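Chain by chain, the residues run as shown.
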Amino acid sequence: MPGDLQDGRIVIVGASLAGLRAAETLREEGFTGSLTVVGDEPHPPYDRPPLSKQVLLGKASADTTALPMRRDTDADWRLGVAATGLDPLEKRVMLADGESLPFDRLLIATGTRARPWPNPEEASLDGVFTLRTSDEAGGLAERLAAGPGRVLVIGAGFTGSEIASACRERGIEVTVAERGPAPLVGALGGTLSKLAAVMHRNHGVDLRCGVTVTTLRGDGNGRFTGADLSDGSRVDADVCVVALGAVRNVEWLAESGLAAGPRGVACDAGCRAFNMYGIVTDDVFVAGDVSRFPHPLFGYQMLSLEHWGNAVAQAEVAAHNMVSPGPLRRPHLAVPTFWSTQFGLNIKSVGVPTYSDHVVIAQGSLEARRLAVVYGFQGRVTAAVTVDMAKSLDYYKHLIETAAPFPPPLGSADRAIAADITIPSDVPDPSGLSHGPTVALTGHLPDRRLTVVQPTG
Amino acid sequence: MQIVVDLTRCQGYAQCVFLAPDVFELHGEEGLLYATAVPDDQVERVRQAAAACPVQAILAGEGVSAGAR
């Protein structure tokens, strides 16, 4: 009965963006029962995107990015204590402090953490950082403010590129090492990655592509001093930021019987978790970066997204479905959207650029550094990326949602000369990148089979 | 007061930059940077900016307090 769903005990594990928005939505939808939110970090929910932008630029300190609430959640916030296990039969979440929390319905929103440098001894050198939490950002910002001679960034995905951009804006020398052929290639494919490489170099980044970092070196006192690269060269630096993508926080679910693995916790379109047999559960829900879910616009492949907007949208759907009877439940069908600002450019993406075989430059040009690139797969529009052209994005989103033909029909006044020339999208195999793309098709790339790479760290 | 801007939604109209220039600034042509913690003397301006945003991307409010229940 619907009345029963408005009462009882709900536990949310994960006290970041998805956990907060879910808690608010539960109350908005009339949930009157007890609500507990568990978070392993000691901080109340805070916003992460500013950490690689405002905070590294020195315009805000890392402890000031708390997320505003939409409404009072009347929740018990259990912060600074990690969940260590889930008993789905007894319906309890085990906590690191030994307590166990009983629940009637559970939302898993444990997100991701930065992938650490694989060698723990090298990773512990003073001056080696990852960037995911506000504590990490605070430590890194402090080092940047001290004016290091050079910063080494390992990995040229979005986070690595934003870090490099912030360093250059502060006048700090920076070397970026990327295993793939160009920055952002894993997320945006060949065409825009060439622009990204130009932007790095024009802003004075020492960009090294097609190389890996083999060793981080320290002095006798455990301070980071530089790194060896696979091409035999050496980079001397005072600070190293490891930006190798994210690892999903699923370890605590290892014994839970849920379909939880390195690519996230699998769930249906209504955010209900699958168990390890592929049977959908009815009282365990998933939202945010830790989830992977099927999307009809992309061949029903399981998507895992590390996007701010997805965390919000999926948390709202999950919360709604947690307090709604079956026929009133909603699917999570939002079209993936994300943004990045780096080297003075505003890059926005809609759809799944890696789900593509060809692209066209539909508006603007690479030379102008203002353009819209439309991605297609087998004659259908599947994604678009704008550079300093955010107002066009909704138009392309509409094309994706309506499965418009690719190349796209005439639709804008400032149509580029290249608008009818399709070029291969050149999306590389993710295993050749040093960072993880922020959108992962967890089944197949459209035109070839993916190799599953198990994290070694 | 804390703010967060839904930059998925933001289209760079920059109304907020005109109304509360000490809080919002454009970074490049259309990238938006903002002070996540709003100084007390800017609260009213931020309210106006949030109301004026053509795509309603600005959320202002209080954060969850540390000892909250």
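A quick note: this is a predicted structure, and the numbers were derived from the prediction, not measured.

### Some remarks on empty space enclosed by the protein
Residues and elements named next belong to chain B.
Turning to step 1, where the next piece is worked out: Applying the stated criterion to the full structure yields six cavities of 30 Å³ or more.
Turning to step 2, where the next piece is worked out: Each pocket or cavity is described by its volume, and for the largest cavity that value is around 120 Å³.
Turning to step 3, where the next piece is worked out: Considering the residues around the largest cavity, the lining is formed by 16 residues, among which Cys-10, Tyr-13, Ala-14, Cys-16 and Cys-53 are closest to the centre.

### Re the interface of chain A and chain B
Turning to step 1, where the next piece is worked out: Counting from both sides, the interface comprises 36 residues of chain A and, opposite them, 31 residues of chain B.
Turning to step 2, where the next piece is worked out: When chain A packs against chain B, close to 2800 Å² is buried across both sides, 57% of that on carbon and sulfur atoms.
Turning to step 3, where the next piece is worked out: The interface formed by chain A and chain B holds one salt bridge in total.
Turning to step 4, where the next piece is worked out: Put simply, the parts of the chain that give the side of chain A that touches chain B at least two residues each are helix H2 (17–28), strand S3 (76–79), helix H8 (308–322), strand S24 (337–342) and strand S25 (345–351) of chain A.
Turning to step 5, where the next piece is worked out: Here the residues of the side of chain A that touches chain B are counted per class, giving 16 nonpolar, eight polar and twelve charged.

### Quick word on the pairing of S25(A)
All names here are of chain A.
Turning to step 1, where the next piece is worked out: Of all seven residues that make up S25, seven are buried, and the element is covered over most of its length.
Turning to step 2, where the next piece is worked out: Following S24, the chain reverses through two residues before pairing antiparallel with S25; Phe-343 in that reversal takes a positive phi of roughly 50 degrees.
Turning to step 3, where the next piece is worked out: Two elements, S25 and strand S28 (residues 380–387), share five bridges in a ladder whose sense is antiparallel. Paired with Ile-347 across the strands is Val-387, a residue of S28.

### Considerations on the pairing of strand S3 (residues 31–34) of chain B
Turning to step 1, where the next piece is worked out: Burial along S3(B) is two-sided: Gly31(B) and Leu33(B) facing one way and Leu32(B) and Tyr34(B) facing the other are all buried.
Turning to step 2, where the next piece is worked out: What sits between strand S2 (residues 24–27) of chain B and S3(B) in their antiparallel hairpin is a turn of three residues, with Gly28(B) showing a positive phi close to 80 degrees.

### What to know about the pattern of salt bridges
All names here are of chain A.
Turning to step 1, where the next piece is worked out: This model, assessed by the stated rule, comprises 24 salt bridges over all chains.
Turning to step 2, where the next piece is worked out: Arg-70 is the partner of Glu-316 in a salt bridge, and the nearest nitrogen-oxygen pair spans 2.7 Å. With Glu-316 in helix H8 and Arg-70 in the loop between strand S2 (34–39) and S3, this pair connects stretches of sequence that are 246 residues apart.
Turning to step 3, where the next piece is worked out: In this structure Glu-316 comes out as partly exposed when scored by relative accessible area, which is 23%.
Turning to step 4, where the next piece is worked out: Using a relative accessible area of 35% as the deciding quantity, one classes Arg-70 as partly exposed.
Turning to step 5, where the next piece is worked out: For Asp-126, the salt bridge goes to Arg-223, with nearest N and O atoms at 3.3 Å. Residue Asp-126 is located in the loop between helix H3 (120–123) and strand S9 (128–129), and its partner Arg-223 is located in the loop between strand S13 (213–218) and strand S14 (224–229); the two are separated by 97 residues in the primary sequence.
Turning to step 6, where the next piece is worked out: Exposure remark for Asp-126: the relative accessible area of 30% places this residue in the partly exposed category.
Turning to step 7, where the next piece is worked out: Residues participating in the shared-partner salt-bridge network are Arg-217, Asp-228, Arg-234 and Asp-236.

Reading guide: rules and limits
Just so you know, the residues in each chain are numbered from 1, in the order the chain's sequence is written. Chains carry letters and ligands carry numbers; both start at the beginning, A for chains and 1 for ligands, and go up in the order they are written. This being a predicted model, a pLDDT of at least 70 is required before a residue's local features are given, and a value of 80 or more before pairs of side-chain atoms are given or counted; all residues contribute to the totals for chains, interfaces and linings. Side-chain numbers come from the whole structure's heavy atoms, not from hydrogens or water. For each structure, a 1 Å grid was placed over the protein atoms alone; sets of points admitting a 1.4 Å probe that cannot get out are labelled cavities, open sets with protein on both sides within 12 Å along at least five of seven lines are labelled pockets, and lining residues have an atom within 4 Å of a point. Grid points are joined across faces, edges and corners, and a volume is the space filled by probe spheres set on the points. Contacts are residue-level and defined by heavy atoms, with any inter-residue pair within 4.5 Å sufficient. What counts as buried area is the accessible surface, traced by a 1.4 Å probe, that two parts surrender upon association, with contributions from both included. Whenever Lys or Arg places a side-chain nitrogen within 4 Å of a carboxyl oxygen from Asp or Glu, that contact is recorded as a salt bridge. In this text, helices come from DSSP runs of H or I with a minimum length of four residues, and strands from runs of E with a minimum of two, each type numbered from the N-terminal end. When residue character is reported, Ala, Val, Leu, Ile, Met, Phe, Trp, Tyr, Cys and Pro are called nonpolar, Asp, Glu, Lys and Arg charged, and the others, Gly included, polar. Only protein chains enter the area calculation, which uses a 1.4 Å probe; residues under 20% of their type maximum are buried, those over 50% are exposed, and those in between are partly exposed. Only when DSSP finds a minimum of two bridges between them are two strands counted as paired.

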